[in-house]
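# Architecture and fold: a report
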2 protein chains.
Amino acid sequence: MTRTPLADVACSIARATDLFSDAWTALIMRDVLTGIGRFDELARDLGISRKVLTARLSRLVEEGVLARERYQERPPRERYIATEKGRELYPVLLALMNWGDRWYAGETGPPARIHHLTCDRDTTMVAACAHCGERLTADNTTQLPGPGGRTGPGTEVIGPLIASRAAQQTPDANASNNPPSGPRPPGR
Amino acid sequence: MTRTPLADVACSIARATDLFSDAWTALIMRDVLTGIGRFDELARDLGISRKVLTARLSRLVEEGVLARERYQERPPRERYIATEKGRELYPVLLALMNWGDRWYAGETGPPARIHHLTCDRDTTMVAACAHCGERLTADNTTQLPGPGGRTGPGTEVIGPLIASRAAQQTPDANASNNPPSGPRPPGR
DNA sequence: CTGATAAGTTCCCTTAAGGAACTCGATGCG
DNA sequence: CGCATCGAGTTCCTTAAGGGAACTTATCAG
């Protein structure tokens, strides 16, 4: 099938989906972050083909999203746990869950709820601005080129488009307000 | 290939990924929400097979995520625009983008940045608790069963697991704090 | 010794993704 | 008037990824 590789596209969504967009990958992460880490449990919970599960788990370990850990020596037993990189996928899952709850829960209501231990309430995720805390929506934000942007496969049209937006801003409007991002690990 | 259908699983992540987990679907939504709506533009920007693009767009229109709109009569020309349901996928894209920025941006930095028009700053998304505004992480939250929860394919193991957690809470700990969710549209 | 459990592998078959060419209606242009 | 062009798909062929089910290997319980 030679699926188009997306890891090299100059777009973080493309890079993230290249690994993550697989339906199984999302559900595997859901399970692992919820505490289901054994191969057989995952296979049984998801009803996934064992062959595909093997492939997904290998990929996730290669990418450093999961780690394979021996949790018992005799008999030797392994389990998969999320690394920091894996745990940071949680907002993606929360965002997906929220959307699914809102548009597909139907009459019976959502299948699960999230309990925030810190404030001891059932809650939902809000996409908040890291600066002002207000809600971020497609309407109150715009996309501008970043330092790693370029035009190429996957950004053939969108690259020039957002570049033209930047040109319409006052020249150094953003000279001194970089986005607050955590320490960035070395990319691959 | 008979891909396992995930729409019927009692899990909002499964339901959401069933539609959304396709890599192309995410990138199509990125483009449409950024203002790229024409068939040829999408095909060219993404480098996607036109056949697959047709299939994805049809699916997205069927699901009510996109709408096909005639933007010019003579000659007749159509374009795709996001519905409310589609615009609400934005947090999912932001979460994916964030994660991709953090783990795959490398030396050159992220390919794009998000400008928050309301506070006029470049920003990133934070997954915030709808109640207290604090950051939600895999570590400070727990999953509990919701009204629509059940054990079945896709939740064979995880269903009973989170149900057992609920049993360990004080009986009516959450009797009066339902999650704040917007008006829920009728499911399908 | 038999059976069960965990964690994968192997094999075959179907189907979806890629790629490239082709269609079809409506202009635009010389 | 005739030809090229553009937008928006459709068709055809090949390849490879997913599903299903059986098989393997290692370890322990009874």
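Residues numbered from 1 in each chain as written. Chains lettered and ligands numbered in written order. Predicted model: local features only at pLDDT ≥ 70, side-chain atom pairs only at ≥ 80, totals over all residues. Heavy atoms only, no water.

## Focus: the pattern of salt bridges
- Evaluated as defined, the whole model comprises 29 salt bridges over all chains.
- Where Arg102(A) meets Glu84(B), a salt bridge forms, and the shortest distance between an N and an O atom there is 3.2 Å. Here Arg102(A) is found in helix 6 (residues 90-104), whereas its partner Glu84(B) is found in helix 5 (residues 84-87) on a different chain.
- Arg102(A) gets classed as buried once you look at its relative accessible area, which sits at 16%.
- The exposure class of Glu84(B) is partly exposed, given its relative accessible area of 42%.
- Glu41(B) serves as the salt-bridge partner of Arg38(B), at 3.7 Å between the closest nitrogen and oxygen.
- Each of Asp18(A), Arg59(A), Glu63(A) and Lys85(A) takes part in a single network of salt bridges with overlapping partners. (Salt bridge = Lys/Arg side-chain N within 4 Å of Asp/Glu carboxyl O. Helix = DSSP H or I, 4+ residues; strand = E, 2+ residues; numbered from the N terminus. Buried < 20%, exposed > 50% of the residue type's maximum accessible area, 1.4 Å probe, protein only.)

## Structural notes on the sheet that holds strand 4 (residues 121-123) of chain A
- Strand order across the open sheet formed by three strands is 4(A)-3(A)-6(B), with antiparallel pairing between neighbours. Unpaired on one side and paired on the other, strand 4 of chain A together with strand 6 (141-145) of chain B mark the two borders of the sheet. In this sheet, neighbouring strand axes are inclined to one another by 45 degrees on average, regardless of whether the strands run parallel or antiparallel.
- Where strand 3 (residues 112-116) of chain A lies against strand 4 of chain A, three bridges are found, and the strand directions are antiparallel. For His115(A), the partnering residue across the bridge sits in strand 4 of chain A and is Asp122(A).
- Against the sheet, helix 6 of chain A touches strand 3 of chain A together with strand 6 of chain B, its axis set at about 135 degrees to strand 3 of chain A. (Pairing = 2+ DSSP bridges. Axes fitted to C-alpha atoms, helices over the stretch in contact; angles between N-to-C directions. Contact = heavy atoms within 4.5 Å.)

## A look at helix 3 (residues 39-46) of chain B
- Within helix 3 of chain B, burial applies to Leu42(B), Ala43(B), Asp45(B) and Leu46(B).
- Buried positions along helix 3 of chain B lie against helix 7 (158-167) of chain A together with helix 2 (23-34) and helix 4 (50-62) of chain B.
- Phi for Gly47(B), located one or two positions after helix 3 of chain B, is positive at around 70 degrees.

## Observations concerning the sheet that holds strand 3 (residues 112-116) of chain B
- One open sheet accounts for three strands, arranged 6(A)-3(B)-4(B); its pairing is antiparallel. The open sheet is flanked by strand 6 (141-145) of chain A together with strand 4 (121-123) of chain B, the only strands paired with a single partner. Each strand axis lies, on average, 45 degrees off the axis of its neighbour in the sheet, ignoring direction.
- Two elements, strand 6 of chain A and strand 3 of chain B, share five bridges in a ladder whose sense is antiparallel. Residue pairing for strand 3 of chain B: Gln143(A) is matched across the bridge by Ile114(B).

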